[in-house]
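Descriptive structure summary
This is what each chain is made of:
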Amino acid sequence: MVARTLGIDIGISSIGWALVEIENDSIQSNGGKIIASGSRIFPKAEHPKKSSLALPRREARSKRRLVKRRAQRMLQIKRYLSDRLGLGDMIDQDNKDKYQLFKKGDKSVWELRALALDKKLEPRELARVILHIAKRRGYDDITYGMDEKQDDKKILSCIKENQRQLQESGYKTIGQMFYHKFYRRLRPNGQMDNIRNRKRNKIVSYKYSIARSELRSELEMIFEVQKSLGNKFVDDEFCKTLLGDKQALKKEKREGLIFYQRPLKGFGDKVGKCEFFDNEKRAFKDTPSAQKFIALTKTINLLRYITNTHGIEFDMPQTIKQIFTEAMKLKSGLSYKKLKALLELPDSYQFKGLDYSKDKPENSTFIEFGSSIKLASLGIDEARQDALVSLLAENKNWDDIVLELKKIGLESKAQEIRAQNFKFSKTINLSLKALSFIIPLMQKGMRYDEAIKELYNQGVFKLKRVLQRGDLPSLSEIAKEDSYFEITNPVVMRALSEFRKVVNAILQKYGKFHYINIELTREVGLSKEERNKIERKQNDNAKLNSQATEFLKDNNMEITSKNILKAKLFKMQNETCIYSGKKITLNDLRDDNSVEIDHILPLSRSLDDSQNNKILCLKSSNQDKRNRTPYEWFGDDEKRWDAFETLIKTMMLGKERIKKLLNKNFKDRNQGARAEFLARNLADTGYIARVVSKYVRNYLEFLSIGDKKEHIRIISGSFSSFLRHYWGIGKKDRANHIHHAQDAIILACVNPSSIQRFSEYLKDKELRYKKNQQKIEDLDEQTKYALRWPMNDFRQKVEESIANIMVSHRVSHKVTGALHAETITSFKDKKCQATYGGIEGIKRAISLGKLRVVNEGLVMNGPMVCIDVFKSKDKGQFYFVPVYTYDIAIKKISNKACV
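Residues numbered from 1 in each chain as written. Predicted model: local features only at pLDDT ≥ 70, side-chain atom pairs only at ≥ 80, totals over all residues. Heavy atoms only, no water.

1. What to know about the overall build of the protein
Helix and strand content of the protein: 37 helices and 16 strands. The long-range fraction of contacts in the protein, counting pairs at least 24 apart against all pairs at least 6 apart in sequence, stands at 65%. For the protein, the exposed surface amounts to about 50,100 Å²; the carbon and sulfur share of it is 49%. (Helix = DSSP H or I, 4+ residues; strand = E, 2+ residues; numbered from the N terminus. Contact = heavy atoms within 4.5 Å. Areas by Shrake-Rupley, 256 points an atom, 1.4 Å probe, with all protein chains shown as cover.)

2. Section: the sheet that holds strand E1 (residues 2–10)
Strand order in the open sheet made by the six strands is E11-E8-E1-E2-E3-E12, with mixed pairing throughout. This sheet does not close on itself; its edge strands, each paired only once, are strand E11 (712–715) and strand E12 (808–809). Of the pairings in the sheet, the one linking E1 to strand E8 (residues 515–520) comprises six bridges and is parallel in character. The partner of aspartate 9 across the bridge, within E8, is glutamate 519. (Pairing = 2+ DSSP bridges.)

3. Notes on the pattern of salt bridges
What the rule picks out here adds up to 33 salt bridges. Here glutamate 450 ties to arginine 304 by a salt bridge, and the two come within 2.8 Å at their closest N and O atoms. With a gap of 146 residues between them, glutamate 450 in helix H17 (residues 448–458) and arginine 304 in helix H9 (residues 288–310) connect regions that are remote in the sequence. In this structure glutamate 450 comes out as partly exposed when scored by relative accessible area, which is 27%. Assessed through its relative accessible area of 24%, arginine 304 is described here as partly exposed. (Salt bridge = Lys/Arg side-chain N within 4 Å of Asp/Glu carboxyl O. Buried < 20%, exposed > 50% of the residue type's maximum accessible area, 1.4 Å probe, protein only.)

4. Remarks on the nonpolar core
With 44 residues, the main nonpolar core has Ile77, Leu81, Ile130, Phe223, Phe238 and Leu242 as its most contacted residues. Of all elements in the fold, only helix H1 (55–85), helix H2 (109–115), helix H3 (123–135), helix H5 (174–181), helix H6 (212–228), helix H7 (236–243) and helix H8 (251–259) reach the threshold of two or more residues within this core. With seven residues, H3 is the single largest residue contributor to this core. Sequence-distant contacts of isoleucine 130, defined by excluding residues within four places in its chain, comprise Ile77, Leu81, Leu219, Phe223, Phe238, Leu242 and Ile258. If you look at the next biggest cluster of nonpolar residues, it comprises 43 residues, including Ala290, Ala295, Leu343 and Tyr356. (Core = buried A, V, L, I, M, F, W, Y, C linked by side-chain atoms within 4.5 Å.)

5. Re the packing of H9 against helix H16 (residues 432–443)
H16 packs onto H9 with a crossing angle of 35° between their chain directions and a minimal axis gap of 10 Å. Note that H9 runs across H16; the crossing there is left-handed. Two secondary-structure elements touch here, H9 through Ser289, Ala290, Lys292, Phe293, Leu296, Thr297 and Ile300 and H16 through Leu432, Leu435, Ile438, Ile439, Met442 and Gln443. Across the contact of H9 with H16, the residue classes break down as nine nonpolar, three polar and one charged. (Axes fitted to C-alpha atoms, helices over the stretch in contact; angles between N-to-C directions. Left-handed = near helix turned anticlockwise from the far one by under 90°. Nonpolar A, V, L, I, M, F, W, Y, C, P; charged D, E, K, R; others polar.)

6. Some words on the packing of H1 against H3
One way to put it is that H1 packs onto H3 with a least axis distance of 11 Å and a crossing angle of 160°. The orientation of H1 relative to H3 falls into the category roughly antiparallel. Considering the relative orientation of H1 and H3, their crossing is right-handed. Facing Arg70, Arg73, Met74, Ile77, Lys78, Leu81 and Leu85 of H1, the residues of H3 in contact are Pro123, Leu126, Ala127, Ile130, Leu131, Ala134 and Lys135. The class makeup of the residues in the contact of H1 with H3 is 10 nonpolar, no polar and four charged. (Parallel < 35°, antiparallel > 145°, perpendicular 65-115°, else oblique.)

7. Concerning a positive patch on the surface
A cluster of basic side chains, namely Arg57, Arg58, Arg61, Arg64, Arg65, Lys68, Arg69, Arg262 and Lys814, defines a positive patch on the protein surface. Within the element layout of this structure, arginine 58 appears in helix H1. For arginine 58, a relative accessible area of 39% corresponds to the partly exposed category. (Patch = residues over 30% accessible without salt bridge, like charges linked within 9 Å, V, L, I, M, F, W, Y side chains within 5 Å. Lys, Arg positive; Asp, Glu negative; His and termini not counted. Charge placed at Lys NZ, Arg CZ, Asp CG, Glu CD.)

8. Some remarks on the packing of aromatic side chains
Under the criterion given, the structure shown has 30 aromatic pairs. With a centroid separation of 5.5 Å and an interplanar angle of 70°, the aromatic rings of phenylalanine 178 and phenylalanine 182 are classed as edge-to-face. For the pair phenylalanine 178 and phenylalanine 182, one class covers both residues: buried. Consider the rings of phenylalanine 276 and tyrosine 456, whose centres lie 6.2 Å apart with planes at 75°: the pair is edge-to-face. (Phe/Tyr/Trp six-rings, centres within 6.5 Å; stacked < 30°, edge-to-face > 60°.)

9. Considering the pairing of strand E14 (residues 857–860)
When strand E13 (residues 851–854) meets E14, the two strands line up antiparallel, connected through four bridges. If you follow valine 854 over to E14, its bridge partner there is glycine 857. In this antiparallel pair of consecutive strands, E13 and E14, the connection spans two residues, and asparagine 855 shows a positive phi of 50°.

10. Points about a nonpolar patch on the surface
A cluster of nonpolar residues, Met864, Ile867, Val869, Phe878 and Phe880, forms a patch on the protein surface that exposes about 470 Å² of accessible area. Looking at the nonpolar patch, the elements with two or more residues in it are strand E15 (864–871) and strand E16 (878–884). The dominant element in the nonpolar patch, judged by the number of residues it contributes, is E15, at three residues. Mapped onto the secondary structure, phenylalanine 878 falls in strand E16.

11. A look at the side chain of lysine 614
Relative to the helices and strands, lysine 614 is located in strand E10 (residues 614–618). What lysine 614 contacts, discounting residues up to four positions off in sequence, is Leu565, Leu569, Ile597, Asp598, His599, Ile600, Asp609 and Arg657.

12. Section: a negative patch on the surface
On the surface, Asp636, Asp637, Glu638 and Asp642 cluster together to form a negatively charged patch. Positionally, aspartate 636 belongs in the loop between helix H25 (630–634) and helix H26 (638–648). Aspartate 636 sits in the exposed class, given a relative accessible area of 74%.

13. Description of the environment of isoleucine 380
Within the element layout of this structure, isoleucine 380 appears in the loop between helix H12 (370–377) and helix H13 (382–394). For isoleucine 380, a relative accessible area of 4% gives the class buried. In this structure, the C-alpha to C-alpha distance between isoleucine 380 and leucine 410, residues 30 residues apart in sequence, is 8.3 Å. Ignoring anything within four residues of it in the chain, the contact list for isoleucine 380 reads Leu375, Gln385, Leu388, Leu410 and Ile417.

14. Some remarks on H1
Taking 1.5 Å of rise per residue, 31 residues should cover 45 Å, and H1 covers 44 Å from first to last C-alpha, within 8% of that figure. Those residues of H1 not exposed but buried are Arg73, Met74, Leu75, Ile77, Lys78, Tyr80, Leu81, Ser82 and Leu85. Those residues of H1 that are buried are in contact with H3, H7 and H8. The first or second residue beyond H1 is glycine 86, which carries a positive phi of 70°. (Expected span 1.5 Å × (residues − 1).)

15. Focus: the side chain of serine 372
Within the secondary structure, serine 372 sits in helix H12. At a separation of 3.0 Å, a polar atom in the side chain of serine 372 contacts the side chain of glutamine 291. (Polar contact = N/O pair within 3.5 Å; in protein donor to acceptor, adjacent residues only side chain to side chain.)

16. Here's the deal with the pairing of E15
Note that E15 and E16 share seven bridges and pair antiparallel. Residue pairing across strands places cysteine 866 opposite valine 883, the latter belonging to E16. Here E15 hands over to E16 after six residues, with glycine 876 in that stretch at a positive phi of 80°.

17. Section: the environment of arginine 690
Topologically, arginine 690 is positioned in helix H29 (residues 687–699). For arginine 690, a relative accessible area of 44% translates into the label partly exposed. Sequence spacing of arginine 690 and isoleucine 714 is 24 residues, and the spatial spacing of their C-alpha atoms is 8.5 Å.

18. Concerning unusual backbone geometry
Leave glycine aside and you will find that most residues have negative phi; peptide bonds, for their part, are mostly trans. Within the chain, glutamate 344 stands out as a residue other than glycine whose phi angle is a positive 55°. Take glutamate 344: it is sitting in the loop between helix H11 (336–343) and strand E7 (365–367). If you check the backbone angles, aspartate 793 has positive phi at about 50° while not being a glycine. Looking at the element boundaries, aspartate 793 is found in the loop between helix H33 (781–788) and helix H34 (794–803).

Functional significance is not addressed by these values, which are geometric in nature.
The following block contains the structure:
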């Protein structure tokens, strides 16, 4: 059957596509054609720098809101003081702040705060003290605890230090201490100290941080002293209005004008919906049920892995129970070391995923139940722990929390709960209701996917309504009915949105297809931090390749991929044979009979041909090692093994390579199973891959393929890389965007026929690595590729297809950004005049749009939106005109151009 297949290569800023027709089942088919291919380019939905695109706007909005609220609070306090203390000059006739409270010649307000404890203050002096404290109210717990992260730790440290100094110094209030100890004291640099936290040399000092409770205590003491000294203005009503009445029911009255803090809005309405129950909210990660689910997943996967790789059978329910019982005893969680003892694994066993190049790697935590243990220590039963975590996570106002605690019968525990300073926020995709069905099945030893399948069979979980149609609907549309498609990552959303546009455009122009093969770049779905880490790693590798190439040139060695790898390993290994510890000379490096590249874990046993499984060694050492791992070779010689460990830790080999070198319990993959192994790893099983697969499967209508059901293949990046080499396409040319379409063509050609050909090729290749077995006579490379190509003249057809591509770019209809730079420069500014050639040069720059006039000053342009291209009719030259946000705002193109 001739099948029509769409190949899609999805990246975070690009999509390559190709539509092919090819014989689907027959290995001998010579037909097939590439109908069309293309590339779609779009900007990724994030700021190119570390911060978010919305951060500057969000910070500015936050500052405006803060300034506005502070001004409103201060005006309210001034109105009260103006009326109560008879200070009419504080407020004008329009009831607005006149800012006439502080006059030249007045005593420092710090001095007044100290004097207030011994001397009766005049109304104006008392107002100044109150307003000074009210303006900067100190740091407080606006919910029920301060997060101990980033700068919060520094703030808390400084607050505690100031509290300690206050207790030890004998001063009565924080204001009195600051006045006598710090106010206008000479610093070592000769300047006078000023009691304010400020930024110096880009470093923020929190030396004078004060807790709000300290300021409240100071005002309470001042008011008590003023009362005792006969200050007629300070009475009970005055104190309660400003400092609050603890017996009042309303929060505003209870906290007073000075210290009232508007409650934060809860996050309950922001919690997503469950994957299986649309009316249920997702469970918070710190609920005991969610912790148990996560621990079960990790435990079952590990036990299954040990069984599959080492043949050790476990009584799953009993073993899981033992592991959980031990973990619940330990606040720090169950370590891998204790898990090994519990499972009675041999000392030589190494857990998958642990970095054994580090000291005592097995001391790290396997599973933990931190929140559950804390909640249990408060005497809260397990039935109410989930509810407690949920209400603490959803509510940020303590008054609301207390009301909710009453509903679940925990009001008596309120103060103990507040003292624990719990911080819960993250959720999982499942609700507590869904977990109540899943966890019992997993406790019996079922994997998560097996438990879900069983619950579907039982009818507990219902299949979502499928709406297959001729084109793909938007994700926002289907997310309303299915929370599985609620994706918050803007980079992923942008990529999938462009994917939808490309698929729908292809359907409209070329019609339906039988199959869709999709590859998602591994960066899709990763956080920006993770992508930056990958980018740094790629840049480092490119730098190493460049250095290796220069090294080969300097030493008159042929520049081949094999020699580049040898040169890289030569430097990484400090010019030393990794097995014998002997020096490798340049002459050795040039001679293939002296040194060899060895697979750390033998290729025919591990099926691992990656660079991280390769090292450089003397040929004699490689012959002694034979088809063994380093540990199998000399691991029983304790002295030699210790020396080997010490040697490799002095080299810059990377975690993965060191992990393979120190592997003590390597288990063979089945002989002759390289093809089967790679076929099993053909599919990408990541979360975003599952989302895309479900999106296409549920909402896109395909051409009929008879009895076959699966129209979708999610191809892993490693498999498509193999195919690029396998079909002899060559390296990617990243100088343009065409290579995305080239990748898509390769993907579109993946079918049972190509997989079978590839399997045969791998089996043949594997035999070459086995000694004393059948030798395969090498064929001419071109002939080998022709035998494996998915269609006749494959490379020629690929070149013809990509030659016709016009790369598509996403058009942004919305222009955002600052109109101009923040700094306004005067026309008289000498530096500006020197830059543009005097006043006349500045006028010319303004006429060309290089400079803008704002508030009778000069500003630089904001960001460039695009570049318009014009062609001269008489000269035939092209002219480029940069267009800025300012031009878009005034709807006029500037008179500036460059050839």
